[in-house]
Amino acid sequence: MKLSEREDEIEELLVEREVRQFLNYEAELLDSRKLHEWFDHIADDISYRMPRRLMRENTAESFSEKGYYFNEDYGSLEARVKRFDSEYAWAERPPTRTERYVTNVVIQEYDEETVKVTDNLLIYLSRGDSEEHTFYSAKRHDTLRRRDDSFEIVERDIRLNQTVLSTDNVSIFL
Amino acid sequence: MAADDNHSVLEQDLQDARDALDEGHFPLDFFNNDELHELEKERIFAQSWVFIGHESEIPEPGDYARRYIGDDTFIFVRSESGEINLLFDSCRHRGAKVCRAEQGNTSHFRCPYHGWTYKNDGEAAGMPQKSKAFKELDREDHGLVHVPRLETYEGLVFASIAEEGPTLDEWLGDFKWYFDIHMKLPEGGMEVIGEPHRWVIDANWKTIADNFNGDSYHTAWAHGSVLDLELGGEETVGHAGTGDSMDRHIHCDGHTTSMRGFEGEDVFMTYPDEIVEDLFTKEGLSEEQWQVARQALSFTGGIFPNFGFLHFGDTTDDPNKDVAPFFTIRKWRPVGPNQMELWSWGLAPKNAPQEFKDRMYKIYTSNFGPTGNFEQDDAPIWKGITDMAKGQFPKSQNLQLNYQMGLDWMSDMSLDEEWDGPGFAYSENLEEGGMRLFHEQWYEMLAGNAREDALGTSMNIREEQ
């Protein structure tokens, strides 16, 4: 088939490339703890959620309908970001060393304005003066909206794999 | 050194620590010690009333949740007849686990190994080929094993794996006067929202026990970020011993609560007027309890050995939104000398409008639990204490931690003689007697004595001795 006959696929490929570039850029901002620059990419109508995962006998992917770790709107997410400006935010003094690996990026649907995308996220975390490290693993369901030459995050649903967390706290954004 | 000598060394260390408590000291190395961890499991956790869960977590017949006491795993389950049971999760044949989910609903638990099956009240219901293979085996003697003692107070279920000992009612004693305020204030009581948060912290359980037994002093410092952001009011998060609030530290039958409030004002922990007017009731409370609830802004507290609670007003998740209260209960389960699993539940009045319950749960998660703006900053501090306790230096230097705040030569601490509630009410929150009381009970139980031996010795105020 000629390239000219595959315009739809090419368009999707370009969208996927843009989304991938954005997610990698976003991961870089969070890994370097440029939280305010990251927050610039949060939409005013953000829904940022991380439900509590449940361990059930018959279903692999089960999440609480009521319980969650995060259920943030713009104001409460902004407060969480600003908190780390305080010299008393001991959880991140010194900052957690993180590396985010964003993979399995799949465009679920898109139009001119928005893109729905899922990805897998693996975060390496280490803290303090120690060799200890751990990981968070999650699948994310995002809705991104085009803004200027980039995207803003309108919805993020973080489906963590852990039911019992192995870190002292969750003081990073996923 | 022979094992016996080791044991006597530990006994002497314990006795020394008890003596040091009278001077407001406690050894750092006790916060990370293998031998003490083993003793704590045997003499405290196997002898105490340990919190299991709230009835509202398993509302329907067959609802269950896996729960733990020390190293032991149980199934917290409501039977077909509606009774609450706590069953040891181990098949009577070969000991395999019969419950494979954290929470769920089932009429039966079936062992995966050989198919022995149990009803949700623990009774053995089926053993494959029983008539041929186990014809003389008495089914009634082979049900899942119930915990020896299981009791409920205001929907809160506690268990003890000791066959004998004080009843739950005796264990809680007059402290119920204070906890009644939390559970009975709203008509219909409180209920748990969602499932508990669980996370493992590399810290000794006594660090958080200290914190919940009256550490008003840490709030403004450890949680200064919350104050900086105005996510909590000055009187909720501000420095202990400052401001216009009425601050009390209360010790009652071995349990403690810290309270901040405003004398003579209608505060009700900043519950909105419609909740106070439509839902709050004097029915289960005395006039004195009602007055405490009315003037209260916030409560923190601990029930010995490993249950804590926070019922706070004047907090928010966003400085541009209205403040609201939250209510959390939690337990800390030691899983090693330097590790514990935290369990944290968010609660709300059962009969409140859904929108308000949602708001309370939101405020809870914004402030406490693993993602809480307060609690994020506690855990690394407790981990730090535990890290520093493990080496040779604390022991070789006999490093003693300081719990002297409120002792008579440190400050002019006094009792509130007008206080209407049971126990001792200290008229300020700059004192650490609740922690000393915790460690004193810890000592008595480790020494093999009754916990009550520690009660009523008001060592906070020497004149009274």
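So, here's what we can say about the structure. (Residues numbered from 1 in each chain as written. Chains lettered and ligands numbered in written order. Predicted model: local features only at pLDDT ≥ 70, side-chain atom pairs only at ≥ 80, totals over all residues. Heavy atoms only, no water.)

1. Points about the nonpolar core
Line of reasoning, step 1. Ranked by size, the top nonpolar core spans 150 residues in total, and within it Val19(A), Trp38(A), Leu174(A), Phe179(B), Ile329(B) and Trp442(B) carry the most contacts.
Line of reasoning, step 2. Looking at this core, the element that brings in the most residues is helix α1 (residues 7-31) of chain A, giving 7 residues.
Line of reasoning, step 3. Beyond its immediate stretch of four places on either side in the chain, Val19(A) contacts Val105(A), Ile107(A), Val115(A), Val117(A), Leu144(A) and Phe151(A). (Core = buried A, V, L, I, M, F, W, Y, C linked by side-chain atoms within 4.5 Å. Buried < 20%, exposed > 50% of the residue type's maximum accessible area, 1.4 Å probe, protein only. Helix = DSSP H or I, 4+ residues; strand = E, 2+ residues; numbered from the N terminus. Contact = heavy atoms within 4.5 Å.)

2. A few points about the sheet that holds strand β2 (residues 50-54) of chain B
Residues and elements named next belong to chain B.
Line of reasoning, step 1. Within the open sheet, the 3 strands sit side by side as β2-β11-β10. Their pairing is antiparallel. If you trace the sheet from one side to the other, it starts and ends with β2 and β10 (149-153), each paired once. Pairwise comparison of adjacent strand axes, ignoring direction, gives a mean angle of 30° for this sheet.
Line of reasoning, step 2. Of the pairings in the sheet, the one linking β2 to strand β11 (residues 156-160) comprises 4 bridges and is antiparallel in character. (Pairing = 2+ DSSP bridges. Axes fitted to C-alpha atoms, helices over the stretch in contact; angles between N-to-C directions.)

3. So, the pattern of salt bridges
Line of reasoning, step 1. Here the structure, examined in full by the defined rule, presents 48 salt bridges over all chains.
Line of reasoning, step 2. Between Arg146(A) and Glu18(A) there is a salt bridge, and its shortest N-O distance comes to 3.0 Å. Taken together, the positions of Arg146(A) in strand β5 (residues 133-147) and Glu18(A) in helix α1 put the pair 128 residues apart, joining distant regions of the chain.
Line of reasoning, step 3. Looking at Glu18(A), the relative accessible area reads 31%, which means it is partly exposed.
Line of reasoning, step 4. Between Arg359(B) and Asp317(B) there is a salt bridge, and its shortest N-O distance comes to 2.9 Å. Placement of the pair is Arg359(B) in helix α12 (residues 354-367) and Asp317(B) in the loop between β16 (307-315) and β17 (324-336), with a sequence separation of 42 residues. (Salt bridge = Lys/Arg side-chain N within 4 Å of Asp/Glu carboxyl O.)

4. Some thoughts on the packing of helix α6 (residues 205-212) of chain B against helix α15 (residues 433-446) of chain B
All names here are of chain B.
Line of reasoning, step 1. One way to put it is that α6 packs onto α15 with a least axis distance of 8 Å and a crossing angle of 140°. The angle between α6 and α15 places the two elements in the oblique class. In terms of crossing hand, the pair formed by α6 and α15 is right-handed. Only Met435, Phe438, His439 and Trp442 of α15 make contact with α6, whose side of the interface consists of Trp205, Lys206, Ala209 and Asp210. (Parallel < 35°, antiparallel > 145°, perpendicular 65-115°, else oblique. Left-handed = near helix turned anticlockwise from the far one by under 90°.)

5. A few points about α15(B)
Residues and elements named next belong to chain B.
Line of reasoning, step 1. With 14 residues, α15 should cover 20 Å at 1.5 Å per step; its first-to-last C-alpha distance of 20 Å lies within 8% of that length.
Line of reasoning, step 2. Within α15, 14 of the 14 residues are buried, which leaves the element mostly enclosed by the surrounding structure.
Line of reasoning, step 3. Downstream of α15 by a residue or two, Gly448 has a phi angle that is positive, lying close to 85°. (Expected span 1.5 Å × (residues − 1).)

6. Some remarks on the packing of α6(B) against helix α13 (residues 375-389) of chain B
Between two packed helices, the angle of one axis relative to the other and the distance separating the axes together describe the packing.
Residue and element names in this part refer to chain B.
Line of reasoning, step 1. Closest axis-to-axis distance for the α6/α13 pair is 9 Å, and the angle between their directions is 125°. Judged by the angle between their axes, α6 and α13 are oblique. For α6 against α13, the interelement crossing comes out right-handed. Of the residues in α13, those in contact with Thr207, Ile208 and Asn211 of α6 are Asp378, Trp382, Ile385 and Thr386.
Line of reasoning, step 2. Residue classes in the contact of α6 with α13 are distributed as 3 nonpolar, 3 polar and 1 charged. (Nonpolar A, V, L, I, M, F, W, Y, C, P; charged D, E, K, R; others polar.)

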